Amino acid sequence: MSDTLLIINGPNLDMLGTRQPEVYGHDTLKDVEALCQRTAKEEGLDIDFRQSDSEAEIMKWIKQGRGSTAGLLINPAGFTSTSIAILDSLLIYDRPIIEVHISPLFKRDEFRHPSHVSRAAAAKIEGFGIRGYEFALRKLAEWARS
């Protein structure tokens, strides 16, 4: 099996650090990527780190990761509660999936509470800021080794 973990970030996450810092904090997507790089290196793995505002592109990446990556961390952002298409792509993916959210969805607007992605995920981490990425990567690394 591959020693690469796929990390997909959804819409508007490229605006971290400037977009609603009272909700998402001041860390940028580059900070998230650096944290993921460090964590993966400590776990002896590589990462393929991506971000897109395009639902179709995210679906394509998920399908491309099938059979070629050891696990998937996804922060679907605005697609969390809207995208059945991303859920369908995740259901095709053949390795463990962890859903991550920087903010706690249960404390946000009610329309953000349901997650289609959760139906395909082995676990969901939310509300720990960007540290949630680290937690998820460590668990994915553990699963990849077992």
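The structure under discussion appears in the preceding block.
Here goes a summary of the coordinates provided. None of the values given here were measured: they were computed from a predicted structure.

## Considering the overall build of the chain
Logical step 1: Helix and strand counts for the chain come out as 5 helices and 5 strands.
Logical step 2: The secondary structure elements of the chain, listed N-terminal to C-terminal, are β-α-α-β-α-β-α-β-β-α.
Logical step 3: Radius of gyration (C-alpha) of the chain: 14 Å, near the 15 Å computed for a compact globule of 146 residues.
Logical step 4: With respect to the three principal axes, the spread of C-alpha positions in the chain is 40 × 30 × 25 Å.
Logical step 5: Here the chain holds 146 residues, and 47% of them are scored as buried.
Logical step 6: Taking as baseline every contact in the chain between residues at least 6 positions apart, the subset at least 24 positions apart corresponds to 75%.
Logical step 7: Carbon and sulfur atoms form 49% of the exposed surface of the chain, whose accessible area is close to 7,100 Å².

## Points about the sheet that holds strand 2 (residues 46-51)
Logical step 1: With parallel pairing, 5 strands are arranged side by side in an open sheet as 2-1-3-4-5. This sheet does not close on itself; its edge strands, each paired only once, are strand 2 and strand 5 (123-126). For this sheet the average axis-to-axis angle between neighbouring strands, irrespective of direction, equals 20°.
Logical step 2: With 3 bridges joining them, strand 3 (residues 71-75) and strand 4 (residues 97-101) adopt parallel strand pairing. If you follow isoleucine 74 over to strand 4, its bridge partner there is glutamate 99.

## Section: helix 4 (residues 84-92)
Logical step 1: Three or more residues of helix 4 are buried, namely Ile86, Leu87, Ser89 and Leu90. Seen from one end, helix 4 has its buried residues packed into an arc of 160°, which puts them on one side.

## Let's talk about the nonpolar core
The nonpolar side chains of a soluble globular protein tend to be buried with one another.
Logical step 1: By size, the foremost hydrophobic cluster in this structure holds 26 residues, and its most contacted members are Ile7, Val32, Cys36, Leu73 and Tyr133.
Logical step 2: Those elements that provide at least two residues to this core are strand 1 (4-9), helix 2 (29-42), strand 2, strand 4 and helix 5 (131-145).
Logical step 3: Ignoring sequence-local partners within four residues, the contact set of cysteine 36 consists of Ile7, Ile47, Phe49, Tyr133 and Leu137.

## Some words on the packing of helix 2 against helix 5
In a pair of packed helices, the angle between the axes and the distance between the axes together describe the arrangement.
Logical step 1: Contact geometry for helix 2 and helix 5: axes closest at 9 Å, N-to-C directions at 25°. One element, helix 2, and the other, helix 5, form an angle in the roughly parallel class. In the packing of helix 2 onto helix 5, the handedness of the crossing is right-handed. Taken together, the residues of helix 5 that come into contact with helix 2 (itself represented by Val32, Leu35, Cys36, Thr39 and Glu42) are Arg131, Tyr133, Glu134, Leu137 and Arg138.
Logical step 2: Of the residues in the contact of helix 2 with helix 5, the class split is 5 nonpolar, 1 polar and 4 charged.

Scoring rules and cut-offs
Residues numbered from 1 in each chain as written. Predicted model: local features only at pLDDT ≥ 70, side-chain atom pairs only at ≥ 80, totals over all residues. Heavy atoms only, no water. Helix = DSSP H or I, 4+ residues; strand = E, 2+ residues; numbered from the N terminus. Rg over C-alpha atoms; globule rule 2.2 N^0.38 Å. Buried < 20%, exposed > 50% of the residue type's maximum accessible area, 1.4 Å probe, protein only. Contact = heavy atoms within 4.5 Å. Areas by Shrake-Rupley, 256 points an atom, 1.4 Å probe, with all protein chains shown as cover. Pairing = 2+ DSSP bridges. Axes fitted to C-alpha atoms, helices over the stretch in contact; angles between N-to-C directions. Arc of directions from axis to C-beta. Core = buried A, V, L, I, M, F, W, Y, C linked by side-chain atoms within 4.5 Å. Parallel < 35°, antiparallel > 145°, perpendicular 65-115°, else oblique. Left-handed = near helix turned anticlockwise from the far one by under 90°. Nonpolar A, V, L, I, M, F, W, Y, C, P; charged D, E, K, R; others polar.

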